[in-house]
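Chains, contacts and geometry: an overview
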Amino acid sequence: MLKEVSTHPTRIRALDQLHRGDQIEARLSVGPSYDDVVIRRGRVQETAPGIGVVWIMDQLTGLRKAINTDECTVWRVA
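Overview of the structure. (Residues numbered from 1 in each chain as written. Predicted model: local features only at pLDDT ≥ 70, side-chain atom pairs only at ≥ 80, totals over all residues. Heavy atoms only, no water.)

Okay, the pattern of salt bridges next. Two side chains bearing opposite charge may form a pair once their charged atoms approach each other closely. Under the definition given, this model contains four salt bridges. As a salt-bridge pair, D22 and R76 come within 3.4 Å of each other at their nearest N and O atoms. With a gap of 54 residues between them, D22 in the loop between β1 (10-12) and β2 (23-28) and R76 in strand β6 (residues 73-76) connect regions that are remote in the sequence. E46 is the partner of R64 in a salt bridge, and the nearest nitrogen-oxygen pair spans 2.9 Å. Taken as a pair, R64 in strand β5 (residues 64-68) and E46 in strand β3 (residues 37-48) lie far apart in primary sequence, 18 residues in all. Given a relative accessible area of 43%, R64 falls into the partly exposed group. Among the residues examined, E46 registers a relative accessible area of 41% and is labelled partly exposed. Each member of the salt-bridge network shares a partner with another, and the members are E25, R27 and R41. (Salt bridge = Lys/Arg side-chain N within 4 Å of Asp/Glu carboxyl O. Helix = DSSP H or I, 4+ residues; strand = E, 2+ residues; numbered from the N terminus. Buried < 20%, exposed > 50% of the residue type's maximum accessible area, 1.4 Å probe, protein only.)

In structure tokens form, the structure reads like this:
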């Protein structure tokens, strides 16, 4: 898991709200009694709103990763 960021994140409900370079987190819901878990964090490289995918440069690994919005929520953190 990744360390929490001390900013006020904003949930992204439509990928057309994102721009290249935006800092985002992908969060996975683990249950009704728990907070969402951050599974990826990084800068937006490319978006494909039609298929619900955003590609980021992962902050932890330095690799390009795809985030599927059907599986997790996306939050802008910076």
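A few words now on the pairing of β6. In this sheet, β6 lies alongside β1 in antiparallel orientation, the contact comprising three bridges. Considered in β6, the bridge of I12 is made with V74. For β2 and β6, the ladder comprises four bridges, and the chain directions are antiparallel. Counterpart to E25 in the pairing with β6 is W75. (Pairing = 2+ DSSP bridges.)

In terms of nonpolar packing, the biggest core is built from 11 residues, these being I12, L15, L18, I24, A26, V44, V54, I56, I67, C72 and V74. When residues of this core are traced back to their parent elements, those giving at least two are β2 and β4 (53-58). Setting aside residues no more than four positions away along its own chain, I12 makes contact with Q17, L18, V74, W75 and R76. (Core = buried A, V, L, I, M, F, W, Y, C linked by side-chain atoms within 4.5 Å. Contact = heavy atoms within 4.5 Å.)

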